[in-house]
Amino acid sequence: MYDLLTNLLGNQIVAYVIAASLPLIFVLTFVLFAVLAERKVSAHMQDRLGPMRVGWHGIIQTLADMLKLLQKEDIVPEGADRPLFNLAPLLTFLGTYAAFAAIPFAGIYVGSSTAIGIYYITAVSGLVVAGLLLAGWASDNKYSLYGAMRTAAQIVSYEIPTAIAILTMVMVSGTLSLMKISDMQTAHFWNWWILGGPETGIVKFLLIPFMIITFLIYYISSLAEVNRTPFDLPEAESELVSGYHTEYSGMKFAFFFLAEYANMFAVSAIAVTLFLGGFHSPIGYLGHSLGIDWLIPVEQFFWFAFKGTALVFVQMWLRWTLPRVRVDQLMVICWKYLIPYAVVNLIIVGIITLL
Amino acid sequence: MKKYLKNTWDALWTIFIGMKVTWKHLFIPSVTIQYPDEHRPIPDRARNRLYVNIDDCIGCMQCQRACPVDCIDIKTVKALPTDELGLTSKGTKKALWVTQFNIDFAKCMYCQLCVFPCPTECITMTKVFEFSEYEREKLLYNFSNLTLSEVKEKEENYAKFMEKKAAEKAAAAKAKAAAEAKAKQESEKKDNDNKPSSEEKDS
């Protein structure tokens with residue numbers, strides 16, 4: 001991709017800037033539709049209609065909301081720590097967006113084809129916690145601070161099962177590069193890691209239940225990491241008046257919102273890449289059968305976006321199904337259930353791969 | 001250990017049950033309606049804004065008297081015998097010009113008490129309930145179909161008619177008085193004619 005752009009534009013810096021902003025375009029469009037989808041899904045699950053006024057069935061509602069947010073007054077509370085207060089939304093979005101650098105969107109496009117992709121993503125996602133903690137602290141509001149402390153406790157706790165689940169996948173696939181993990185699951189859906197991956201024979205069938213468990217552990221703990229219901233304690237509208245972003249308005253609030261939804265896609269994208277075949281098509285490529293080369297990346301991107309969006313939909317589905325857990329339940333789920341299961345799962349998968 | 005595994009299984013299983021329920025609801029048609037575009041049916045006897053069919057009104061003011069909050073204000077002018085007012089739809093003859101039929105919906109409490117006494121059933125409840133206004137004055141509805149100039153004309157006509165009538169009456173009274181006076185005079189004359197004879201008799 002870089003080579004192509006460099007050759008095309010003759011300037012490396014411009015090529016890098018363009019390549020780096022491609023995920024931003026995707027993220028912005030995704031957020032525009034995800035926010036609407038969230039509202040529509042929630043409405044229809046509660047037998048309502050949701051936004052119906054702006055455009056056909058409210059299709060451009062988010063655009064109108066965005067325009068409204070752009071026009072809003074940028075309020076900084078009197079007692080707030082001004083520089084930190086202004087820095088927090090940027091840092092949150094930065095942490096989220098940095099994760100997109102290592103996610104392979106298609107065979108020809110990955111921001112950085114680093115060999116330690118998944119490790120980098122796990123590490124850089126930690127920046128989000130810093131951003132949220134900063135927001136809560138700088139707001140000079142006890143509710144915000146509570147929300148931020150909860151976020152920190154929650155995300156740090158759930159990093160452990162997430163990391164162990166990722167570790168399981170790294171152990172099975174033998175690489176940290178997301179591109180290589182994706183390429184292992186090419187061709188057909190029975191090559192997906194959730195269905196035993198490219199292994200053959202008895203190992204594949206032994207792996208399937210443990211891969212499903214790994215997937216569930218990863219998915220549940222990723223829900224907690226992006227602060228979605230049933231783990232939305234940091235925001236908890238009913239008790240904390242929306243937690244760390246209580247004091248934010250206008251564009252800064254929009255940044256938090258953007259980061260939240262981008263994060264939803266990021267964790268779904270990692271789940272897709274690790275378990276569900278990444279950008280590879282489950283049924284073979286039209287481009288191959290028709291002999292059109294340029295169609296293949298388009299198809300790959302489509303499948304990647306489709307799978308990621310499907311997982312995001314499941315996140316929304318869960319949000320409107322489950323009530324919020326208590327703080328003690330949150331910790332019990334993590335330390336007494338997810339981590340033991342993840343560790344046992346890791347050991348069993350290790351033994352199976354030795355077979 | 002057994003309980004631990006059961007807890008895990010129960011948690012997952014109940015989540016799937018819950019997801020099944022919400023999935024079903026995803027396809028249930030919404031129970032809410034898009035209000036200003038769609039309306040729920042209003043019951044037949046619902047009491048909403050009043051409507052006056054002024055063509056049927058005979059100006060009897062029974063509704064005004066029935067109103068507990070005095071929100072109806074009617075003024076009438078008597079019609080001349082030569083005026084053609086037509087009949088109401090029930091066949092009653094109209095004898096009054098209804099020059100003013102104001103209903104102040106800011107005062108109206110929608111009790112429907114004005115509807116029952118109406119002899120021609122011209123004041124009725126409609127199904128319109130969305131008529132909020134920014135200014136209170138706009139809630140004062142005038143149902144009379146006569147223009148101001150027409151009202152003035154009717155009043156003048158009636159005043160003229162009354163004057164004329166009064167004049168006629170006065171003239172008639174005068175004539176009568178004159179006639180009476182004349183009759184009296186004549187009878188007195190008669191008496192006078194008779195008297196001298198008696199006087200003469202007396203003298």
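Note that the coordinates shown come from a computational prediction; the quantities given were computed from them, not determined experimentally.

So, on to the overall build of chain B. Summing up its helical and strand segments, chain B has three helices and five strands in all. Along chain B, helices and strands appear, N-terminal first, in the series α-β-α-β-β-β-β-α. Per-residue burial over chain B gives 25% buried out of 203 residues. Partitioning the contacts of chain B with sequence separation of at least 6, the portion at a separation of at least 24 is 75%. Between the mean site of the 33 positive side-chain charges and the mean site of the 30 negative ones, chain B shows a separation of 10 Å.

This next bit is on the domain arrangement of chain B. For an interface, size is often stated in terms of accessible area lost upon the parts coming together. All names here are of chain B. Here the domain parsing of chain B yields domain 1 (50-146) and domain 2 (151-190). Using only C-alpha atoms to locate each centre, domain 1 and domain 2 end up separated by 38 Å. If you look at the interface, domain 1 gives seven residues, while domain 2 gives six residues. Note on domain 1 versus domain 2: buried area summed over both sides is about 700 Å², and carbon and sulfur give 82% of it. Applying the counting criterion to the domain 1 and domain 2 interface returns zero salt bridges. Remark: the boundary between domain 1 and domain 2 carries zero residue pairs in polar contact (both at pLDDT 80 or more).

Once that is clear, we can look at the interface of chain B and chain A. Tallying the contact residues gives 19 residues for chain B and 20 residues for chain A. Taking both partners together, chain B and chain A bury about 1,800 Å²; carbon and sulfur atoms supply 64% of that area. The interface formed by chain B and chain A holds one salt bridge in total. Where Arg 53 of chain A meets Asp 37 of chain B, a salt bridge forms, and the shortest distance between an N and an O atom there is 3.2 Å.

Further remarks concern the environment of Ala 80 of chain A. Residue and element names in this part refer to chain A. Considering the arrangement of structural elements, one finds Ala 80 in the loop between α3 (61-71) and α4 (82-99). Overall, Ala 80 belongs to the buried group, its relative accessible area being 14%. Each C-alpha atom, one on Ala 80 and one on Ala 138, is 5.3 Å from the other, the two residues being 58 residues apart in sequence. Ignoring sequence-local partners within four residues, the contact set of Ala 80 consists of Phe 85, Ala 138, Ser 139 and Asp 140.

Along its 34 residues, helix α2 (residues 12-45) of chain A runs 49 Å from first to last C-alpha, staying within 8% of the 50 Å computed at 1.5 Å per residue. Note on α2 of chain A: the residue one or two positions beyond its end, Asp 47 of chain A, has a positive phi of about 60°.

Moving on to the layout of surface pockets. If a probe as big as a water molecule is rolled over the atoms, it shows which places are left empty. Size it by volume and the largest pocket reaches roughly 1,100 Å³. Around the largest pocket sit 38 residues that line it, and Ile 220 of chain A together with Thr 8, Ala 11, Leu 12 and Ile 15 of chain B are the ones nearest its centre. Mapped by element, the contributors of at least two residues to the lining of the largest pocket are α9 (202-225), α13 (295-319) and α14 (327-354) of chain A together with α1 (2-26) of chain B. When residues in the lining of the largest pocket are grouped by element, the largest group, 10 residues, is from α14 of chain A.

This part is about the confidence of the model for chain A. Counting all residues, the mean pLDDT for chain A is 84, and 99% of those residues have values of 70 or more. The spread of mean pLDDT over the elements of chain A runs between helix α1 (residues 2-9) of chain A, the lowest at 72, and α14 of chain A, the highest at 88.

A positive phi angle is found at His 57 of chain A, which is not glycine, with a value near 50°. Assignment of secondary structure puts His 57 of chain A in the loop between α2 and α3. The exposure class assigned to His 57 of chain A is partly exposed, which follows from its relative accessible area of 35%. Here Asp 70 of chain B, not a glycine, exhibits a phi torsion of approximately 55°, which is positive. Relative to the helices and strands, Asp 70 of chain B resides in the loop between α2 (62-66) and β2 (72-78).

For the rest of this paragraph, the subject is the confidence of the model for chain B. Residue and element names in this part refer to chain B. Taken residue by residue, chain B gives an average pLDDT of 83. The fraction at 70 or more is 95%. Of all the helices and strands in chain B, helix α3 (residues 148-202) carries the lowest mean pLDDT, 78, while α1 carries the highest, 89. Across the interfaces of the predicted complex, the ipTM metric reaches 0.79, alongside a pTM of 0.77.

Turning our eyes to something else, we now look at the packing of α14 of chain A against α1 of chain B. Between α14 of chain A and α1 of chain B, whose axes approach to 12 Å, the crossing angle comes to 95°. In terms of axis orientation, α14 of chain A runs roughly perpendicular to α1 of chain B. Across the interface between the two elements, Lys 336, Tyr 337, Pro 340 and Tyr 341 of chain A of α14 of chain A pack against Tyr 4, Leu 5, Asn 7 and Thr 8 of chain B of α1 of chain B. Across the contact of α14 of chain A with α1 of chain B, the residue classes tally to five nonpolar, two polar and one charged.

Ranked by size, the top nonpolar core spans 85 residues in total, and within it Phe 100, Tyr 218, Phe 265, Leu 274, Phe 275 and Phe 304 of chain A carry the most contacts. Of all the elements, helix α11 (residues 250-275) of chain A adds the most residues to this core, at 14 residues. Core analysis: the next-biggest nonpolar cluster, separate from the first, contains 24 residues, Leu 50, Val 52, Cys 57 and Cys 108 of chain B among them.

Thresholds, definitions, all that
- Residues numbered from 1 in each chain as written.
- Chains lettered and ligands numbered in written order.
- Predicted model: local features only at pLDDT ≥ 70, side-chain atom pairs only at ≥ 80, totals over all residues.
- Heavy atoms only, no water.
- Helix = DSSP H or I, 4+ residues; strand = E, 2+ residues; numbered from the N terminus.
- Buried < 20%, exposed > 50% of the residue type's maximum accessible area, 1.4 Å probe, protein only.
- Contact = heavy atoms within 4.5 Å.
- Lys, Arg positive; Asp, Glu negative; His and termini not counted.
- Charge placed at Lys NZ, Arg CZ, Asp CG, Glu CD.
- Domains from an automatic or database assignment.
- Buried area = accessible area lost by both parts, 1.4 Å probe.
- Salt bridge = Lys/Arg side-chain N within 4 Å of Asp/Glu carboxyl O.
- Polar contact = N/O pair within 3.5 Å; in protein donor to acceptor, adjacent residues only side chain to side chain.
- Expected span 1.5 Å × (residues − 1).
- 1 Å grid on protein atoms, 1.4 Å probe; cavity = no way out; pocket = protein on both sides within 12 Å on 5 of 7 lines; lining within 4 Å.
- Points joined across faces, edges and corners; volume = space filled by probe spheres on them.
- pLDDT = per-residue confidence, 0-100.
- Axes fitted to C-alpha atoms, helices over the stretch in contact; angles between N-to-C directions.
- Parallel < 35°, antiparallel > 145°, perpendicular 65-115°, else oblique.
- Nonpolar A, V, L, I, M, F, W, Y, C, P; charged D, E, K, R; others polar.
- Core = buried A, V, L, I, M, F, W, Y, C linked by side-chain atoms within 4.5 Å.

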